[in-house]
Amino acid sequence: MPAESPTVLHIVAAVIVRDGRFLLVRKRGTTAFMQVGGKIEQGEEPLAALLREVAEEIGVDVAPEAVRPLGRRKAVAANEPDHVVDAHAFTVELPAGFEPRPQAELEDLVWVDPADPATPYPVAPLSLELMAAVVADRG
């Protein structure tokens, strides 16, 4: 009998970089850190979902001009067994002087240096892939 296909979660992910470090967040009751973001609601465009999630999770209204698409990526979901994520990824430039704080369902946030192989934080597969892609692109 064939194995069941994993459930696909359609999400957005915000790649936020400051001083070479990536902002990662952890939702309450989970262990893996990941990009700010979340599920796209029914009928919602990816950019609108991204702007909503950034405002809800770290408390800042980002102008659409501060967002650049990075494309779509699929990865195993970090906190939901038998799920994969189909992510619309975007880079997001935070306003000068803004310090993100975890809000809504978030419990913690960290700034991670992707060059430090000894990170003490478990990081979601999608986040590892996005960080590597951005670092490679910046060369």
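What comes next concerns the included structure. (Residues numbered from 1 in each chain as written. Predicted model: local features only at pLDDT ≥ 70, side-chain atom pairs only at ≥ 80, totals over all residues. Heavy atoms only, no water.)

**Some points on helix H1 (residues 46-58)**
Since there are 3.6 residues in each turn of an α-helix, residues three or four apart along the chain are aligned in direction.
Then, in step 1: Across its 13 residues, H1 extends 18 Å between first and last C-alpha, which sits within 8% of the 18 Å expected from 1.5 Å per residue.
Then, in step 2: Of all the positions in H1, only Pro-46, Ala-49, Leu-50, Arg-52, Glu-53, Val-54, Glu-57 and Ile-58 are classed as buried.
Then, in step 3: Along its buried surface, H1 packs onto strand E1 (7-15), strand E3 (21-27), strand E4 (36-39), strand E5 (67-76), strand E6 (83-92) and strand E7 (106-112).
Then, in step 4: Gly-59 sits one or two positions beyond H1 and adopts a positive phi of about 75°. (Helix = DSSP H or I, 4+ residues; strand = E, 2+ residues; numbered from the N terminus. Expected span 1.5 Å × (residues − 1). Buried < 20%, exposed > 50% of the residue type's maximum accessible area, 1.4 Å probe, protein only. Contact = heavy atoms within 4.5 Å.)

**So, the environment of Ala-136**
Then, in step 1: Relative to the helices and strands, Ala-136 resides in helix H2 (residues 125-138).
Then, in step 2: What makes Ala-136 exposed here is its relative accessible area of 60%.
Then, in step 3: Spatially, the C-alpha atoms of Ala-136 and Ala-87 are 19 Å apart, while their sequence positions differ by 49 residues.

**Topic: H2**
Then, in step 1: Along its 14 residues, H2 runs 20 Å from first to last C-alpha, staying within 8% of the 20 Å computed at 1.5 Å per residue.
Then, in step 2: Along H2, the residues classified as buried are Leu-126, Ser-127, Leu-130, Met-131 and Val-134. Each buried residue of H2 sits inside an arc of 130° when the element is viewed along its axis, so together they form one side.
Then, in step 3: Tucked into the core, H2 has its buried residues touching E1, E3, E5 and E6. (Arc of directions from axis to C-beta.)

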